[in-house]
Amino acid sequence: QFQGAADSDRGSGCIFGSDIVQEFLSNNRPLNLVIRSHQMKDEGFERHFGGSVLTIFSASNYCGTCHNDGAVMEMTPDNQYQVYRYYVGSTPLGHSKFS
């Protein structure tokens, strides 16, 4: 498992390991979750580092060719959350499936 931080291979941004996440969360209490986006996930979301990082990708069927699910997240006032997956293919709006 990667530790520390480094420039991203994509040419912009950086990648970070669980040690950086834990340090950030420890220094920024009461936060206990980092939410990130803009990385395609086949199931629309992915949890990392024991659930302390959550990647959400809302673009279902990215570019019309990837056949991935999209996801959205709902947070409650007590900092609980639920992730909802959906898929929108080449069908008209209103014909999405949520799970």
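Look up: the structure comes first, before these words.
As a convention, each chain's residues are numbered from 1 in the sequence order in which they are written. With the structure being a predicted model, the display of local features is reserved for residues of pLDDT at least 70 and the display and counting of side-chain atom pairs for 80 or more, all residues being used for whole-chain, interface and lining totals. The basis for every side-chain value is the complete set of non-hydrogen atoms in the structure, without hydrogens or water.

Brief notes about the nonpolar core
Soluble globular proteins tend to pack their nonpolar side chains together in the buried interior.
Here comes step 1: In terms of nonpolar packing, the biggest core is built from six residues, these being Leu 33, Phe 45, Leu 54, Ile 56, Ala 71 and Val 83.
Here comes step 2: Here, residues are in contact when the closest pair of their heavy atoms is within 4.5 Å. Residues contacting Ala 71, with those up to four places away along its chain left out, are Gly 44, Phe 45, Ile 56, Phe 57, Ser 58, Val 83, Tyr 84, Arg 85 and Tyr 86. Definition of nonpolar core: a set of buried residues of the types Ala, Val, Leu, Ile, Met, Phe, Trp, Tyr and Cys, connected through side-chain atoms within 4.5 Å. To sort residues, take the accessible area from a 1.4 Å probe on protein chains only and compare it with the maximum for the residue type: under 20% means buried, over 50% means exposed, and anything in between is partly exposed.

Looking at the pattern of salt bridges
Here comes step 1: For this analysis, a salt bridge means a side-chain nitrogen from Lys or Arg found within 4 Å of a carboxyl oxygen belonging to Asp or Glu. Under the defined criterion, the tally for this structure stands at three salt bridges.
Here comes step 2: Among the ionic pairs, Asp 69 bridges to Arg 85, the shortest N-O distance being 2.8 Å. Here Asp 69, found in the loop between strand E5 (53-56) and strand E6 (70-75), pairs with Arg 85, found in strand E7 (residues 81-87); they are 16 residues apart in sequence, far enough to count as distant.
Here comes step 3: Classification of Asp 69 as buried rests on a relative accessible area of 11%.
Here comes step 4: Look at Arg 85 and you get partly exposed, because its relative accessible area is 26%.
Here comes step 5: Here the salt bridges share partners, and the residues they tie into one network are Glu 43, Asp 69 and Arg 85. Here a strand is any run of E in DSSP of at least two residues, a helix any run of H or I of at least four, and the numbering for each starts at the N terminus.

Quick notes on the pairing of strand E4 (residues 45-48)
Here comes step 1: Relative to E5, E4 runs antiparallel, the two being bridged by four bridges. Directly across from His 48, in E5, lies its bridge partner Val 53.
Here comes step 2: Linking E4 back to E5 in an antiparallel pair, the connection comprises four residues, with Phe 49 at a positive phi of about 50 degrees. Two strands qualify as a pair provided DSSP detects at least 2 bridges between them.

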